Structures are given as C-alpha cells and as structure tokens.
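The primary structure of each chain is shown beneath.
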Amino acid sequence: MAAVRQLITKNAIALVLLVLVLVIGVIRPSFLGGGNLLDILRVSSVRLLIALGVTGILITGGTDLSAGRTVGLACVIAASLAQRPDYASKIFPNLPQLSIIIPILAAMAAGCLVGFMNGLIVAFLNVPAFIATLGTMIIVYGAASLYVDHPPLGAAPIGGLKDSFTNLGSGTIGFGHFSIPIIIVIAFGAFLIYSFLLNRTTLGKNIYAIGGNANAATVSGVNVRKNLVIIYTIAGVLYGLAGVLLSARTGGATNEYASGYELDAIAAAVIGGVSITGGVGTATNAVIGVLIFEVLNNGLVVLGVSAYWQLVIKGVIIVSAVALDIRKYTRKR
Amino acid sequence: MSSSEYVLEMSNISKAFSGVKALDGVSLKVRPGTVHALVGENGAGKSTLMKCLFGLYSLDEGEITFDGQRVAFANTKEAIEAGISMIQQEPSAVPQRSVLENFWLGRFPIKSYGPVKVVDEKKMYADCKAVLDDLDIRDMDPYAKIAQLSASKVQLVQIAEAVSYHSKVIIMDEPTSSLTEDEVQRLFGIIRRFKREGVAIIYISHRIDEILAISDEVTILRDGKVVGSYPASELTNEKIISQMVGRTLKNQFPPRLNAPSDKVVLMVDHVTSIVERSFRDVSFEVHKGEIFGIGGLVGAQRSELVEALFGLRQIASGSVSINGKKAVITNPRDAKSYRMALVTEERRATGIFPLLSILDNTMMASLQRYSNKLGVLDRKRGEAAATAGVEALRVKTPSMLTHIQDLSGGNQQKVILARWLVTDPEILILDEPTRGIDVGAKFEIYTIMADLAKSGKAIIMISSELPELIAMSDRVMVMCEGKVTNILDRAEATEERVMTYATMLA
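If you're wondering where the values come from, they're calculated on a predicted model, not measured in any experiment.

1. Structural notes on the overall build of chain B
When helices and strands are counted, chain B shows 17 helices and 22 strands. In terms of overall dimensions, chain B is globule-like: its C-alpha atoms have a radius of gyration of 25 Å, near the 23 Å expected for 506 residues. Taken along the three principal axes of its C-alpha coordinates, chain B extends 75 × 55 × 45 Å. Burial status across chain B gives 44% buried among its 506 residues. Pairs at least 24 residues apart make up 68% of the contacts formed inside chain B by residues separated by at least 6 positions.

2. A few points about the environment of Ala392 of chain B
All names here are of chain B. If you trace the backbone, Ala392 turns up in helix H13 (residues 379–392). The exposure class of Ala392 is partly exposed, given the 15 C-beta atoms found within 10 Å. Residues Ala392 and Ile448, 56 residues apart in the sequence, show an inter-C-alpha distance of 9.1 Å.

3. Section: the packing of helix H3 (residues 36–59) of chain A against helix H11 (residues 224–250) of chain A
Residue and element names in this part refer to chain A. Where H3 meets H11, the closest approach of the two axes is 8 Å, and the angle between their N-to-C directions is 170°. When the axes of H3 and H11 are compared, the pair comes out roughly antiparallel. Judged by residue contacts, Ser45, Val46, Leu49, Ile50, Leu52, Gly53, Val54, Gly56 and Ile57 of H3 engage Ile231, Tyr232, Ile234, Ala235, Leu238, Tyr239, Leu241, Ala242, Leu245 and Leu246 from H11.

4. What to know about unusual backbone geometry
You will see that Asn126 of chain A, though not glycine, has its phi angle at about 60°, which is positive. By the element assignment, Asn126 of chain A lies in the loop between helix H5 (101–124) and helix H6 (129–148). Judged by C-beta crowding, with 9 C-beta atoms within 10 Å, Asn126 of chain A ranks as exposed. One non-glycine residue with positive phi stands out, namely Asp67 of chain B, at about 55°. Among the secondary structure elements, Asp67 of chain B is positioned in the loop between strand S4 (61–66) and strand S5 (69–71).

5. Observations concerning the sheet that holds strand S10 (residues 200–204) of chain B
Residues and elements named next belong to chain B. Strands sit in the order S6-S9-S10-S3-S11-S12 across an open sheet of six strands; the sheet is mixed. Unpaired on one side and paired on the other, strand S6 (84–87) and strand S12 (225–231) mark the two borders of the sheet. On average, each strand axis in the sheet is inclined to that of its neighbour by 20°, with strand direction left out of account. Where strand S9 (residues 169–173) lies against S10, five bridges are found, and the strand directions are parallel. Bridge pairing links Val169 to Ala200 in S10.

6. Here we look at the domain arrangement of chain B
The assigned domain composition of chain B is domain 1 (3–83 + 167–245), domain 2 (92–151), domain 3 (261–339 + 425–506) and domain 4 (354–423). Each of domain 1 of chain B and domain 2 of chain B has a C-alpha centre, and the two are 28 Å apart.

7. Observations concerning the environment of Gly25 of chain B
All names here are of chain B. Mapped onto the elements of the fold, Gly25 is located in strand S2 (residues 20–30). By the C-beta count within 10 Å, which is 14 here, Gly25 ends up partly exposed. The spacing of Gly25 and Gly224 is 199 residues in sequence and 8.2 Å in space, taken between C-alpha atoms. For Gly25, the contacting residues outside a window of four places in its chain are Asn12, Ser14 and Lys225.

8. Overview of the interface of chain B and chain A
At the interface, 24 residues of chain B touch 18 residues of chain A. Of all the secondary structure elements, the ones that give two or more residues to the side of chain B that touches chain A are helix H10 (332–337) and helix H11 (347–350) of chain B. Per-element accounting of the side of chain B that touches chain A gives the leading share, three residues, to H10 of chain B. Here the residues of the side of chain B that touches chain A are counted per class, giving 14 nonpolar, six polar and four charged.

9. Digging into helix H6 (residues 181–196) of chain B
Residues and elements named next belong to chain B. Look at H6: 23 Å from first C-alpha to last across 16 residues, which is about the 22 Å you get at 1.5 Å a residue. What H6 keeps buried is the set Leu187, Ile190, Ile191 and Phe194. Looking down the long axis of H6, one finds its buried residues gathered within 100° of arc, a one-sided arrangement. Seen from the open side of H6, the exposed residues pointing more than 90 degrees away from its buried face are Glu181, Asp182, Gln185, Gly189 and Arg196. Positioned one or two residues after H6, Gly198 has a phi angle of 90°, which is positive.

10. Things to note about the nonpolar core
Ile50, Val71, Ala74, Leu238 and Ala242 of chain A together with Val498 of chain B are the most contacted members of the largest nonpolar core, which totals 249 residues. Sorting elements by how many residues they give to this core places H11 of chain A first, with 16 residues. Contact partners of Ala74 of chain A, with chain neighbours within four places excluded, come to Ala107, Ala110, Gly111, Tyr239, Gly240, Ala242, Gly243 and Val244 of chain A.

11. Thoughts on the pairing of S12 of chain B
Residues and elements named next belong to chain B. Strand direction decides the pairing type here: strand S11 (residues 217–222) and S12, joined by six bridges, are antiparallel. Pairing of Leu221 across the sheet is with Val226, part of S12. Adjacent in sequence and paired antiparallel, S11 and S12 are bridged by two residues, among which Asp223 carries a positive phi angle near 50°.

Definitions and cut-offs
Residues numbered from 1 in each chain as written. Chains lettered and ligands numbered in written order. Predicted model: local features only at pLDDT ≥ 70, side-chain atom pairs only at ≥ 80, totals over all residues. Helix = DSSP H or I, 4+ residues; strand = E, 2+ residues; numbered from the N terminus. Rg over C-alpha atoms; globule rule 2.2 N^0.38 Å. Buried ≥ 20, exposed ≤ 12 C-beta atoms within 10 Å, placed from the backbone. Contact = placed C-beta atoms within 7 Å. Axes fitted to C-alpha atoms, helices over the stretch in contact; angles between N-to-C directions. Parallel < 35°, antiparallel > 145°, perpendicular 65-115°, else oblique. Pairing = 2+ DSSP bridges. Domains from an automatic or database assignment. Nonpolar A, V, L, I, M, F, W, Y, C, P; charged D, E, K, R; others polar. Expected span 1.5 Å × (residues − 1). Arc of directions from axis to C-beta. Core = buried A, V, L, I, M, F, W, Y, C linked by C-beta atoms within 7 Å.

Structure follows, in structure tokens:
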C-alpha cells in the first residue's frame with residue numbers, strides 16, 4: 001500500500017493528465033475520437049517548444065517573459081520570407097524564389113539573438129530575469145511591429161504563404177495509417193534533444209547546479225555567466241522554431257501572434273513539475289504540463305463550457321496541480 | 001549573598017543542540033556598575049550564552065534573574081524593553097537607510113494630527129543628536145546612510161542606540177574589532193561613564209590586553225563550561241590563555257605517516273586584500289606532502305585569504321607562485337587549472353547542492369574531465385570515478401542516487417571532499433573540515449588527510465579547534481585580524497602558543 005502511495009506521489013502530475021483525459025472522454029466520447037486527440041497534439045507541439053525553452057531557464061531560477069513576443073517576431077520574419085511569388089500583397093515584393101530553409105533559419109536566428117540578449121543582460125548586467133525579459137518583451141514587440149509596418153501596406157497581416165512552408169504545419173510524413181504530422185515529429189525531436197541536453201551534457205549539470213546553489217556552483221568551477229547565456233540563447237532558438245511552426249500552421253502572421261504564450265508556457269512547465277524557485281525540473285515535466293493545458297483547453301470546449309468558466313477552471317487546476325506536486329519536496333524534516 | 005548584589009544572575013544554564021551540549025551548567029553573575037568580561041575560544045559557548053539571555057534560544061536547564069526578578073525573555077524586544085541590550089560583532093543595521101532610521105527602528109516617535117499619525121521627524125533628529133552629543137560623538141551625521149559609514153562608525157551608532165534604551169546591562173560582543181586605537185579609547189571612556197551611572201557591561205572579546213585594561217571581573221569558558229571567574233586584578237595574559245585552552249588530548253588523532261618534502265608547491269608572497277580590513281601582507285610557503293595549518297580566531301580573515309588564493313576574492317597586491325611559476329588566479333576555474341581544490345567553510349551555503357543526488361554532488365567539479373569537447377558526459381567513467389571517490393571516503397549511503405540532504409553532516413562533508421579528490425588536486429585547501437561533525441567521522445577525515453599528505457598532496461587546513469590544528473599540522477601559521485603573527489613548527493606549536501599569537505595584534 002505504501003508502495004502504491006509512493007508511486008502516486010512521484011507521478012502525481014502524469015496521473016492527473018490521465019484522469020483528465022479519461023473523465024472528459026467518459027463525459028463526451030467525441031473528445032476521444034475523430035482525430036481530436038491528434039489535434040491536441042498538433043497544438044501542443046508549438047506550445048511544447050516554448051515550454052522546453054522556458055524549462056531550462058526556470059531551472060536556473062530565472063524566468064522569461066519575452067518568449068511569446070519572440071515567437072511572434074519569428075512568425076512575421078518567417079512568414080515574410082515564405083510568401084508565394086505570385087501573392088498580391090507581398091512584404092518584400094522583389095524577393096527572388098527562396099528555399100524554405102531561409103525563413104526557417106532566419107526566424108531561428110532572430111530568436112537566437114533575442115535569447116542571447118536576454119542571457120547577456122541577466123548574466124553580465126545582473127538585472128533580475130523578471131525585469132530583463134520584461135524589457136526585452138516590449139522591445140521585441142516593438143521590433144516585430146516595426147518589421148511589419150511597411151509602406152505602402154502599413155501593418156497588415158502577412159498571408160499567401162508557399163505550400164512547401166505551410167506543409168510544415170499541416171503535412172504529414174510516413175504513409176497510410178502510419179503517417180504522423182510533421183509538426184509533432186519536430187516537437188518530439190526537440191524534446192529528445194532538449195532532454196539529452198539536460199541529462200547528458202555538462203551544460204545540463206551546470207544548469208541544475210546554478211539553480212540549486214549558484215555559490216556552490218561558482219566554487220566548483222562552473223562558469224555561471226557563460227552557462228546562463230547559453231540556456232537563454234537555446235530558449236531563443238526554440239522560440240524561433242515555434243514561430244516557424246505557428247505561422248506555417250496558421251498560414252500567416254501578424255505582429256500580435258503568440259501574445260501571452262510565455263505565461264502559458266511557464267504555467268505549463270510548473271504544472272508539469274518544474275520548480276518555480278529553480279533547481280528542479282525535466283523536459284518530460286514540460287511535455288506533461290503542456291498536454292494537461294491543451295487537454296483542458298480542448299476538453300472544456302468539447303464539453304461546451306463557457307469561455308469564462310474555462311478560465312476559472314484552468315486557474316483552479318493550475319494551483320491544485322502544483323500543490324499536489326510540491327508535496328514531493330515538502331517532507332517533514 | 002543577597003540577590004540585590006547582582007543586576008544579572010544566570011544560574012546553571014544548560015543548552016544542547018542535537019544531543020551535543022553547547023552549555024553545561026554555566027553560571028554568570030554580574031554586578032551593577034562593573035565590566036564583566038567573558039572569554040573563551042571559538043565554540044566555547046559565549047555567543048550561545050548570550051543568545052540564551054536574549055531569548056533567542058530556550059534554556060534546557062537553569063534560570064536567569066534580572067534586577068531581582070526571575071525572567072525568561074521570549075524575544076529580543078522583551079529583553080531590550082526590560083533593560084538589556086546588545087552590541088553585535090556583526091551589526092545588523094539596515095544598510096540603505098539612514099543612521100536616524102536605524103536608531104529608531106521599532107520605536108519611531110509618533111506625532112498625531114488628529115486621527116492621522118506620522119513619524120515625528122524633528123523629535124527623531126533632536127533626540128538622536130542629543131544622545132550622540134552626550135557621548136561626545138560629534139563627527140556623525142544622523143542623515144548619513146549606514147552603507148556609507150565605516151564599520152567603526154556603525155558600531156558607534158549601535159552604542160548610541162544601547163544608551164538611548166537606558167539599558168541596565170549592555171552586552172558588547174567584540175566591540176573593538178573594527179575600531180582604531182583612538183576609537184577604542186573613546187569607547188573605554190564611554191564604558192567608564194556607564195559604570196559610574198551604574199550600568200553593567202558584559203564584555204566579550206579576544207583581545208586579552210583590552211580585557212585586562214577595562215574589566216573588573218573575568219569569566220572564562222571552555223567547551224561549554226565555566227573554568228573560573230576571577231577579579232581582573234588577579235589575572236595575567238598567561239593565566240587567561242592557559243585557562244582558555246588547558247585540555248587533555250585523548251587519542252582522537254591518527255599518526256602522521258610522512259614528513260613534508262623540501263619541494264615548495266605553493267608560495268604566497270606579501271598578498272594583500274583589496275578590502276581594507278581584510279588580510280594584509282601575508283607570506284608563506286607550502287611543501288609537497290605537508291599539512292599546513294592556519295590558526296586564528298573569528299575575524300582573523302583566514303577564510304578570506306584562502307578564498308582569494310582560490311580566485312573567489314580579489315588580491316590588491318602581492319603574488320602567488322605554484323611550482324615555481326607565477327600563477328594568476330581570478331576565478332575558481334583558474335585555480336582548478338593549477339590543480340587546486342577548496343572545501344569551503346560552510347557546506348550548506350557554498351558546498352552542497354541540496355536538491356541533487358550524491359552522484360551529482362560528487363561529479364560537480366570534474367564534469368570537464370569526464371565529457372567530450374561538445375560537452376556530452378561520459379556517464380560510465382564519470383559515475384565510476386564518483387562512486388569510487390565516495391566509497392574511498394567511506395560515506396555511508398544506500399545508493400549514489402540518494403539525495404544529499406538525507407545524509408548526516410559528516411557524510412555530506414565527505415561527499416564534498418570526494419568531489420574535489422576526484423579532480424586529483426595537487427593543493428587541497430580545507431576550511432574547517434570537521435566543523436559540525438561527529439567524533440567518528442572526524443577521525444576518518446583525519447586519517448584521509450594523513451594518507452593524502454603521504455601520497456604527496458599539499459594540504460592547507462584552516463581550523464579553529466586547537467587540538468586538531470596542532471595534532472595534524474606540520475606547521476601552523478597563526479593569523480590575527482588579517483595579519484600573520486607567526487608560523488610555528490610542529491615541535492613548538494602548543495595550544496597556549498597558538499592562542500597567544502591568535503590574540504596578539506601585529
């Protein structure tokens with residue numbers, strides 16, 4: 001019996017996810033059918049990339065409020081470079097035919113730059129992460145808005161994207177019954193790589209050390225500043241990739257895209273088990289947290305719950321999930 | 001004797017922490033209008049006794065009588081309001097606020113405009129200035145921020161605060177550690193005034209000459225017990241020191257297995273800290289196979305010195321050479337590149353990673369060694385080395401994946417030691433390696449140290465435990481308030497000598 005209780009406490013959050021899916025599925029079986037679950041995974045893919053980036057930062061005891069706007073910036077940059085040559089209102093009318101590699105790399109480079117900037121400010125200027133990323137969040141929003149504010153069209157939504165590009169968001173690979181949406185494959189691949197980084201590299205060990213006891217990390221010879229810059233930069237690259245997939249899936253972009261996604265990402269990571277105070281967390285935590293979030297979002301709509309009640313319920317779930325999870329660390333001493 | 005002879009009587013105080021007795025039947029009786037000094041080495045129980053008085057600790061046994069009445073203060077505020085105040089060694093003032101605000105913290109004078117209550121700024125200033133003038137402290141601006149004041153000025157603020165509380169008993173904990181000679185005399189003048197007004201002073205200090213100059217009575221503590229209480233007139237420097245240390249050495253230490261070689265591994269030449277009151281003009285050499293002890297009391301700046309050698313603090317002048325070549329060390333990575341290792345004084349603050357496993361804790365300093373250029377860890381080799389290191393030190397644990405927090409203090413300390421031994425250092429610096437550790441684990445650590453010295457490592461050991469320092473070291477460098485007062489050979493190092501040099505202002 002004690003073993004069962006231990007099993008429950010250790011995997012509480014995963015069980016919450018399972019229970020959620022089952023309960024909603026029982027109440028409304030359509031939740032489980034017709035490719036609905038696959039849709040949830042598709043939406044989760046973009047959110048997961050952001051949550052992964054934020055996870056590493058949270059482990060160091062920091063935060064990143066600029067994630068959403070950075071994704072938005074990546075969206076407009078990618079979309080602007082992926083428009084069909086025959087589209088009427090192109091952002092860059094004189095652009096030659098480009099391989100889709102260009103928008104992908106450009107978006108990730110933009111994200112990389114923002115992440116690098118965040119890292120420098122936090123590690124070298126010693127600005128608290130909350131304030132640093134609050135500042136860059138606003139700067140990036142301004143930058144994305146400036147980017148789309150183009151004569152003669154002004155700030156108009158970017159549309160008319162090439163099929164080869166939007167295929168990233170809606171296409172599949174494999175064949176017949178074994179075809180998986182590309183977007184899920186990419187997200188899964190990112191998860192594997194990020195998990196590897198956290199578990200199997202010196203960077204990962206350093207990140208946990210910095211988050212657990214930065215002073216002890218310094219004494220042990222960890223280059224705290226360098227590692228902080230790296231983890232923020234990697235997050236930026238992930239946000240860039242998320243931007244590519246988001247604009248590919250929706251077929252366009254505006255400077256308002258992904259607004260507020262950072263709060264969802266942080267909440268998801270924390271629900272999944274990443275500690276808000278640092279030192280604890282895994283890539284798997286991010287996956288579970290994002291899935292809980294999106295299952296909730298999708299499930300509450302399927303159940304016909306009003307949008308406002310959805311907010312209340314989501315808030316209650318966030319607090320309860322974390323309270324349950326915290327019990328792992330608050331044993332009586 | 002009638003109880004009204006003493007303003008404060010602490011009788012038979014006992015206090016234990018986790019089974020270890022910090023105070024054992026301690027009695028302290030203080031007469032009004034006198035200076036009663038409290039002496040003892042680090043860990044003798046002085047601060048613990050005062051914290052018991054102040055209500056910061058609860059008594060296991062014993063009672064306290066103040067001004068004829070039995071008291072048991074629940075907190076500092078009660079003690080202060082009853083008439084006992086304390087001037088701390090490390091003043092806890094609020095640095096960003098002014099002298100004035102710190103002075104009145106908790107008791108701001110209030111002015112009422114009808115129902116609206118505001119702080120009475122004018123009265124605050126006037127009353128504070130009055131106290132300062134009264135004490136002849138004329139060079140102090142009440143509006144100055146605490147952070148801008150020198151340590152000695154901050155202490156003066158504290159003294160003024162104590163005066164303004166109209167305390168009957170003032171405890172002064174190392175009051176002169178930050179003062180110049182003139183300021184010490186000024187303080188003594190204030191103390192003499194207190195005496196005339198009937199205030200009793202409990203004076204805690206390591207500076208034996210000062211104690212003999214200003215006290216009326218002296219109580220000497222050792223290992224939580226009172227060794228004796230004497231009128232100051234009957235005491236001399238030698239008598240006090242011999243009472244502080246006199247202890248028989250039981251068989252707590254393993255034999256040393258080697259003599260140090262002639263090869264100088266580390267040479268420190270006239271290094272001075274960039275911080276004014278920290279270590280100054282320190283020079284010494286450490287040989288291969290040597291255990292070089294550093295002794296001294298709190299405030300001697302020993303930790304600051306070794307942290308500077310390890311790149312955690314800055315050196316203003318002087319140089320360090322390793323194996324004959326000049327070494328520039330500006331951070332721990334540089335230190336590691338010279339095969340140095342540092343086990344810090346406070347394992348909770350700067351040693352362990354509380355949320356991580358024993359394995360992760362052990363591997364933390366050797367990650368580079370067990371990973372490839374891209375940073376991918378060679379887990380097999382790394383974990384094997386970590387496990388071997390932990391086992392060699394006989395850490396008792398069911399598994400390497402156990403959380404380090406589940407280990408005892410002694411075992412945690414061993415894990416940190418293992419962390420550094422895995423890096424195969426040439427120079428190993430240990431800052432209070434057996435602090436807070438049970439007797440059995442201590443012996444194990446001493447044995448490990450003797451073995452490491454035999455295998456050719458150079459060990460620098462900071463210790464405040466004289467028996468340990470003397471039994472294990474080949475030579476002992478004694479520091480006092482930032483300066484080296486002497487370097488003693490094994491043959492000449494006795495507890496009395498070390499204590500003498502530890503209290504000798506250079």
